[in-house]
Amino acid sequence: MAKLSSSRQKALLRKYSFNVKFLMMLASICVIVFALPKQAKFSYDIEKGRIWNQKELVSPYNFAILKTQPEIENDEKSALASITPIYQLDDDIGGHEQDGFKSDLEIKWHSAGLKDNKKAAYLQEGDNLLKEIYDRGILNLNPKYQQNAENYKITILDKSVATDKNTADLFTKQEALAYCDQELSNRKDLDKAFLLDLVNNRLQPNLNYDSKLTSRLEREAVEGLSSTRGMVQKGEVIVNKGSVVNDEVYQKLQSYKKAFEDNSRVTGDPRLVLVGQFLLVSIAIILLMVFLYLFRKDIYEDNRLVSLILLVVTTMLFTLSMAIKLQLPNLYYIPYCIVPIIIRILFDTRLALNIHLLVVLIAGFFVPNSFEFAYFEITAGMVSIYSIKNLIRREQFLISALIITFTYFVSFIGISFIREGSFRNIDWMDFLPFVVSVLLTLLAYPLIYIFEKVFAITSDITLIELTNTNAPLLREMAFSAPGTFQHSLQVANLAENAIYTIGGNALLVRAGALYHDIGKMENPLYFIENQSGFNPHDRLPFQESAQIIIRHVRKGIEMAQKENLPDIIIDFIRTHHGDTRVDYFYQSFLKNFPEKFVDENTFRYPGPIPFSKEGGVLMLADSVEAASRALKEPDEKSIGDLVDRIVKYKLDQNQLKDSNITLKELETIKTIFKRMLMSIYHVRIDY
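1. Overview of the sheet that holds strand β4 (residues 153-158)
Then step 1. Across the sheet, four strands lie side by side as β5-β4-β3-β6; this open sheet has mixed pairing. The two strands at the open ends of the sheet, each matched to only one other strand, are β5 (161-166) and β6 (207-209). Between one strand axis and the next, the sheet turns by 35° as a mean value, whatever way the strands run.
Then step 2. Across three bridges, the pairing between strand β3 (residues 86-89) and β4 is parallel.

The structure is reproduced here in structure tokens:
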């Protein structure tokens, strides 16, 4: 079977790009719809303590009013209290222990040294005591039923005949022994200690707690309880417009919602519910694609990035759907803010906010109190995006988590005040799900790393790591080409300040500046910033010198690819000289060999020219910094003329035409370069 070349594969992917995109959208919609609960959506949001601003709500059918949870718990408590613990009477134990007492007496009598004529009296007294005790009953008290008092009511079963008694009328083993001691104290003719010891050995409970039967009766009592109280008749007003949703009205509305959902399962058409869900989700996904097409066409045209965005959105909504189906105690446990954080770090703020709004809108159809849910999550999502607008330190994740938690807390307090109208009635445990949600949001950090590796994306976190001067390539450059390293640092400072002022990714341009000249490490002495008196170009033809200088771009690309630097950084290496000439050697060749034909391409960088604002700023910063080193007496005028001349030259050479830098921004860039170079060379400004 013939194998397609990589170029042919790319061509096919470009040709069928829209088809692939459509299939990804359809798959995402289907997964989300498949996971969503298939039931009709209740039309009203119910919030206790709020004014009912909608039309008068009239019951369309009869339905029962559900009891509140406290009412159910009180009913269960009362039902359980009505069930007395069951004790089974074992008739055989009394007779068996009496016979055992007689045997013990015979065995121990002779060693006791008592008179034989008293034997019958001991036997009679012990037998009478045991009979009286077992007729009354011995049991072990159960701590479960001693919550209010030591004694409690029980039901005794004797061959299926039930008798109600109180444990106060019965013996425990200790009480039976105390009773025997008291009775024997009146018999001065008997050895109390001897007889008491024999009786004590024969005291065993004949009333045994039947946990299985008791539990069954308790379970039946609870299961037999009604979960409703009263009825709402068809045509009866449930709530009037403008009235307050108090506890009673709130419970009626909750009962109506339950009746509506139960009725929709029986009479509703699940196919129409499915169609409705498909339409709603489709609109949201299509709007997302329209946004990408209009405002981020670079992402829209890259199906790899589109697939990442759809994966994040689908996973979040799928997780929410599973939580609803599994009846998670609180849907706020789900870390909704993880979506805007991931999208913000991997892409940009506008896209993150757009996607978060769409996710919350879809989720709002399937969660209770949709407006309240939307307020919580939209505000928290916006805060999460704003708090990491410029990610330059890892600890910003923790700071962002604290800010999100504070936002949730303020929103929670505000909504609680509106709902309860009281500070004391706030259930602070209801805030726990938000705390868990924020903690789970910290999973964004490892997820971003995974997405970066799988989808070949460069995030700000990676850029932070790359700008660490202890990175392998930068350490090598600092050792083998220290002049180039210092030059790169100065270029990074110039470019970063300029791009920060005119608007752009300052972290990206700094990373690009630090690595743009790594190719010089191949032959560091051929570059003037690394020379110390000796110049190897003095012994080389001008063409060869030019090629050595030009080669640092190609070599830098090779080194960057070998070290797996992101393509977005390699683009800075590739474009920082554009397709300009190495003018020094070109002009030297013309001056020394005016009669010879010169191939200008020999002295020209291969390009391409910068195609981003960051790339254009880096090109200008690189040229300005390098040229400023040649100034013999740097002052305000010479630095100003130098910056103006270099910027004009780049414009004349059409090096900035694809950089999307305006003339106004160029003036700002020049001002920043002049000010920073004067600071570097300690130029005193007259004022």
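2. Comments concerning empty space enclosed by the protein
Then step 1. One pass over the structure, following the stated rule, counts two cavities of 30 Å³ or more.
Then step 2. What the largest cavity holds in volume is close to 40 Å³.
Then step 3. Elements that contribute at least two residues to the lining of the largest cavity include exactly α10 (270-295), α12 (303-325) and α14 (349-364).
Then step 4. Sorting elements by how many residues they give to the lining of the largest cavity places α14 first, with four residues.
Then step 5. Of the residues contributing to the lining of the largest cavity, the split by class is nine nonpolar, no polar and no charged.
Then step 6. Surrounding the second largest cavity, Ile341, Phe397, Ser400, Ala401, Thr441 and Leu442 form its lining.
Then step 7. Here the element with the most residues in the lining of the second largest cavity is helix α16 (residues 396-420); it accounts for three residues.
Then step 8. Within the lining of the second largest cavity, the residues separate by chemical class into four nonpolar, two polar and no charged.

3. A closer look at the confidence of the model for the protein
Then step 1. For the protein, mean pLDDT is 84; residues scoring 70 or higher make up 93% of the total.
Then step 2. This stretch, residues 1-6, has a pLDDT under 50; its non-local contacts, to residues over four places away or in other chains, come to two contacts.

4. Quick notes on the packing of helix α26 (residues 613-628) against helix α27 (residues 636-652)
Think of two packed helices as two axes; the pair is described by the angle between the axes and how far apart they sit.
Then step 1. Where α26 meets α27, the axes come as close as 10 Å, and the angle between the chain directions of the two elements is 135°. In this view, α26 runs oblique relative to α27, as classed from their interaxial angle. The interaxial crossing formed by α26 with α27 has right-handed handedness. Across the interface between the two elements, Met619, Leu620, Ser623, Val624, Ala627 and Ser628 from α26 touch Leu642, Val643, Ile646, Val647 and Lys650 from α27.

Procedures and definitions
Residues numbered from 1 in each chain as written. Predicted model: local features only at pLDDT ≥ 70, side-chain atom pairs only at ≥ 80, totals over all residues. Heavy atoms only, no water. Pairing = 2+ DSSP bridges. Helix = DSSP H or I, 4+ residues; strand = E, 2+ residues; numbered from the N terminus. Axes fitted to C-alpha atoms, helices over the stretch in contact; angles between N-to-C directions. 1 Å grid on protein atoms, 1.4 Å probe; cavity = no way out; pocket = protein on both sides within 12 Å on 5 of 7 lines; lining within 4 Å. Points joined across faces, edges and corners; volume = space filled by probe spheres on them. Nonpolar A, V, L, I, M, F, W, Y, C, P; charged D, E, K, R; others polar. pLDDT = per-residue confidence, 0-100. Contact = heavy atoms within 4.5 Å. Parallel < 35°, antiparallel > 145°, perpendicular 65-115°, else oblique. Left-handed = near helix turned anticlockwise from the far one by under 90°.

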